[in-house]
Amino acid sequence: MTQINPQLKCLSQNSKRILSLIQFPISNSRAALETTLQLQRRSLLLITALVFVVAPLFFLITTPGVFAHEGENEAFAAKDRDVDKPETVKANEQGQRALGLEVGPPKFSALKEILSATGEVKAAETQSFDVNPPVSGVVQTVSAKQGDTVKKGQVLALVHSIEVATTLTKLLNDRTKIQGDITRVKTEIGSDITLQTSQVQLAKTSYDREAELFKEGISAQKALQEAKANYDSAQVKLKTLQQRLKQEVALLQSQLKMTIDSAEDQLEIMGISKAEVDESLKSNHVTADLPIVAPVNGAVTQRDITLGERVDPSKKVFSIVNLNPIWVMVDIYQEQIPSVKQGQTVLITTPSKETLRGKISSVGTVIDDATKTLHVRIVVDNPAGVLRPGMFVTAQIVIGSRENETFIVPDSAVVKDGKESFVYIKKGNSFKPVAVKVGLIVAGEVEILEGVKLQDQIVLKGAQQLKAEAILKPGESDDDDTETGDHADHGADAAAKGNTKAQLAMFFAMGVVAAFIVFAIWGYVSNRVKKQQPTKAETTKAEDDK
């Protein structure tokens, strides 16, 4: 036993050595593995910490700005949506005159009742004219075309007419002949008057001498009487000649005047004015040009004339319609007939929203079989030519007034903002928009149901200009709404923060930098881990050594 025990003891020691040699690489490998796992855990914790630190920081930095500006964008969007909303406007007296404002209280009366209908504009049948050349001739020039607006007496075309030249030539010849007769009569009778004047002087001298001799008693009374008779006879002959000259000259001058007047009337019928005839007589020049002129003011609706064409009085070369006054023909239904009467006022509204006034001139008596409507003719003054034949218009026939009285303002006093309506009320030099509830709109007048009082000074004309002024110059508006003022201040503070897009770009760049730092740390930790881990060759060598 004693011998075996030492051997067993030696074997046990050798076994322990072998086990220790075997366990050495195993323990070494475990330590390396534990070290690697610890490093990986640390790196993951570090990355996770960085992510949880950087991400909230980035969120806290960017989110307030973004959300704040999102809020501001919504606010600004709301502001943009309300850009047309009327605001209080300040304007001095000069500015009010420049805007053409008319201010006054609303009317408190009964609103007129109307009957609406559609109508068509037609030229008045009594104001349509056909233009024919008064004489035959050849067309030299044409200065008017279809659609032109012309005035009475305006030259439409020029025709070369032989008849005009012949008439003027005859007039000049007749005038020359009569003037020659006047000269001849004056010469012939004038010479007789001169001779007879001498005879009167001689008879007077003889009579004076016989009177002196009779006074001295030298000459007899008979000689004196004969001398007086000769003197009286000579005077009578002189007066007869003078009267004859006057009568014959007057007769010839009257004949000349009748000839000129007759020729002027004839030429005026042809289209030559008296002024042109007088010019020809003064210059002794004959013209063959005949102007074709417009007989009335109006529009040329037809032209049938060309250069070089030969025309005569039977040919219609132009058609002209006088558009002032003009007719509007409307049709009313059978049940509306009792409400429509001659002389009622009618408001005519054109497609371009221009309004004119007219009166019913006649109401038809026969109902149309096809439409079962009655024709009503309205006469409208149309000095500016707004209404044109063939135009479709809206007619509002004023048939009476409502029993209940209400506030009434012209439609130019009401401005629209979506579904809301406003009027401007003047207080000093400020014009504040006040929301109103409107009722009927009749004949250019608006019924105001709520929002105004009788003593209010309302902008009756120029409300749209005030609204435009508030939009163009918002800084000059004076709004009493505190919330609106706070929002304006908030918008100013937000504007001072800078451009939202620039801030977003800056925050994006900061996020990229943070991500770059995280990846750099990750790379650094991975390299450290790799360096601390034993390579495969080193592990194999260690195992061989063991």
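Residues numbered from 1 in each chain as written. Predicted model: local features only at pLDDT ≥ 70, side-chain atom pairs only at ≥ 80, totals over all residues. Heavy atoms only, no water.

1. A short note on the overall build of the chain
Short version of the rule: Helix and strand assignments come from DSSP, with helices taken as H or I runs of at least 4 residues and strands as E runs of at least 2, each series counted from the N terminus. Think of it in three bands: with a 1.4 Å probe and only protein chains considered, a residue is buried below 20% of the maximum accessible area for its type, exposed above 50%, and partly exposed in between. Any pair of residues with heavy atoms lying within 4.5 Å of one another is described as a contacting pair. Residue-level accessible areas treat just the shown protein chains as cover; the underlying method is Shrake-Rupley with a 1.4 Å probe.
Scanning the chain for helices and strands turns up nine helices and 21 strands. Here the chain holds 546 residues, and 31% of them are scored as buried. Contacts spanning at least 24 positions in sequence make up 75% of the contacts within the chain whose residues lie at least 6 apart. Summed over all atoms, the accessible surface of the chain reaches about 34500 Å², with 56% contributed by carbon and sulfur.

2. Brief notes about the confidence of the model for the chain
Our working rule: One number per residue, pLDDT, summarises how confident the predictor is, and it ranges from 0 to 100.
When the pLDDT values of the chain are averaged, the result is 76; 69% of them are 70 or greater. The model gives residues 21-28 a pLDDT under 50, and that stretch makes six contacts with residues more than four places away or in other chains. Confidence drops under a pLDDT of 50 for residues 62-83, and excluding neighbours within four residues, the segment shows 17 contacts in the predicted structure.

3. Thoughts on the sheet that holds strand β7 (residues 155-160)
This is how it is decided: Strands are treated as partners if at least two bridges between them are detected by DSSP.
On the basis of which strands lie adjacent, the open sheet formed by four strands has the order β8-β7-β5-β10 and antiparallel pairing. This sheet does not close on itself; its edge strands, each paired only once, are β8 (289-293) and β10 (310-311). Relative to β8, β7 is paired through five bridges, and the arrangement is antiparallel. Across the sheet, histidine 160 pairs through a bridge with aspartate 289, a residue of β8.

4. Remarks on the environment of alanine 227
By secondary structure assignment, the location of alanine 227 is in helix α4 (residues 221-270). The class for alanine 227 is buried, based on a relative accessible area of 5%. Residues alanine 227 and alanine 211, spaced 16 residues apart in sequence, show a C-alpha to C-alpha distance of 8.8 Å. With residues up to four places along the chain from it excluded, the contact list for alanine 227 reads Ala203, Ser206, Tyr207 and Glu210.

5. Some details on unusual backbone geometry
Trans peptide bonds make up most of the peptide bonds, and negative phi angles are found at most residues other than glycine. With an omega of 0 degrees, the peptide bond running from asparagine 324 to proline 325 counts as cis. One non-glycine residue with positive phi stands out, namely lysine 353, at about 70 degrees. Mapped onto the elements of the fold, lysine 353 is located in the loop between β13 (345-349) and β14 (355-367). Look at lysine 372: it is not a glycine, yet its phi comes out positive at around 55 degrees. Looking at the element boundaries, lysine 372 is found in the loop between β14 and β15 (373-380). Residue class for lysine 372 comes out partly exposed when judged on its relative accessible area of 42%.

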